[in-house]
Amino acid sequence: MTTPGRRFEELEPVWVLNQYRAAEIHGAGAIMRMSRLADDLALSTDLSRHLRDEAVHAWLWTKALRDIDGEIFDVEEPYQTRLGLHFGIPRTLTDLLALTWVSESRGVEQYESHLDLKDVPPNIRRTLRAILKDETWHVAYIREELERRGRLDPSVQSVIDRAQDADARAVAELALEGDAVTPLTAGAAV
């Protein structure tokens, strides 16, 4: 999380925005994979909307980078990669949903904390707020789907627990490396 009273420029804005952009691009791939595995119409519909959101968010972060004359660069090991390393290869739709849920939840938390920073440029603040609306919905619909699956199969909770453990490990690993900010994770996982 960000420290109260920190200023936006202390977070290396170009690095931050590239992390956000990478998360959205990475997330689009995961959502496409889940879409192929979707096992009912409602979930397929939600995943299609989610995929659209990921693409729009990637564009919004690209635009935000351009607006501050920031360089666009690849992020070698984003949070999602580390999350996947700690979870293992997701083999089922439930695995992917659980990983995406923890990743989206972490993203919401991160975006909200960045809104609390001082001197966030108005265009980036608007982008954070706009994307937060979508991300909050992503967390809600995936949570509801996991709850539905959990009512049918009690082992779903162990998958969620594994995903939450992987999240904690990924965050701790990044913190140990001394990153200036908490991992930036909006977008789907693995």
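In what follows, the structure referred to is the one given above.
Residues numbered from 1 in each chain as written. Predicted model: local features only at pLDDT ≥ 70, side-chain atom pairs only at ≥ 80, totals over all residues. Heavy atoms only, no water.

## What to know about the nonpolar core
One finds Trp61, Leu128 and Leu146 to be the most contacted residues of the largest nonpolar core, which totals 42 residues. Looking at this core, the elements that each hand over two or more residues are helix H1 (13-37), helix H2 (41-67), helix H3 (79-87), helix H4 (93-115), helix H5 (122-152) and helix H6 (156-176). Here this core gets 10 residues from one element, more than from any other, and that element is H4. With residues near it in sequence (within four places) discarded, Leu146 still touches Thr94, Leu97, Ala98, Trp101, Val156 and Ile160. (Core = buried A, V, L, I, M, F, W, Y, C linked by side-chain atoms within 4.5 Å. Buried < 20%, exposed > 50% of the residue type's maximum accessible area, 1.4 Å probe, protein only. Helix = DSSP H or I, 4+ residues; strand = E, 2+ residues; numbered from the N terminus. Contact = heavy atoms within 4.5 Å.)

## Some remarks on H5
Between its terminal C-alpha atoms H5 stretches 46 Å, which fits the 45 Å expected from 31 residues at 1.5 Å a residue. In H5, a bend of some 25° at Leu132 exceeds every other bend along the element. (Expected span 1.5 Å × (residues − 1). Bend = angle between axes of the 7 residues up to and from the residue.)

## Considerations on unusual backbone geometry
Despite not being glycine, Asp69 has its phi angle at roughly 55°, a positive value. Classification of Asp69 as exposed rests on a relative accessible area of 73%.

## Points about the packing of H4 against H5
Remark: H4 packs on H5, axes separated minimally by 8 Å, with the N-to-C direction vectors making an angle of 150°. With respect to their mutual orientation, H4 and H5 come out roughly antiparallel. In the crossing of H4 with H5, the sense of the turn from one axis to the other is left-handed. The class makeup of the residues in the contact of H4 with H5 is 13 nonpolar, six polar and eight charged. (Axes fitted to C-alpha atoms, helices over the stretch in contact; angles between N-to-C directions. Parallel < 35°, antiparallel > 145°, perpendicular 65-115°, else oblique. Left-handed = near helix turned anticlockwise from the far one by under 90°. Nonpolar A, V, L, I, M, F, W, Y, C, P; charged D, E, K, R; others polar.)

## Quick word on the packing of aromatic side chains
The relative placement of two aromatic rings is captured by the distance of their centres and the angle of their planes. Applying the stated criterion to the full structure yields four aromatic pairs. A centroid spacing of 4.8 Å and a plane angle of 40° characterise the contact between Tyr20 and Trp61, whose relative ring orientation is tilted. One end of the pair, Tyr20, is in helix H1; the other, Trp61, is in helix H2, with 41 residues separating them in the sequence. Overall, Tyr20 belongs to the buried group, its relative accessible area being 1%. A connected cluster of aromatic rings, assembled from ring pairs, spans Tyr20, Trp61 and Tyr111. One cation-aromatic arrangement involves Arg49 over Trp137; the distance from NZ or CZ to the ring centre is 3.7 Å. Looking at Arg162, its charged tip hangs above the ring of Phe87, at a distance of 3.8 Å from the centre. (Phe/Tyr/Trp six-rings, centres within 6.5 Å; stacked < 30°, edge-to-face > 60°. Lys NZ or Arg CZ within 6 Å of the ring centre and 35° of its normal.)

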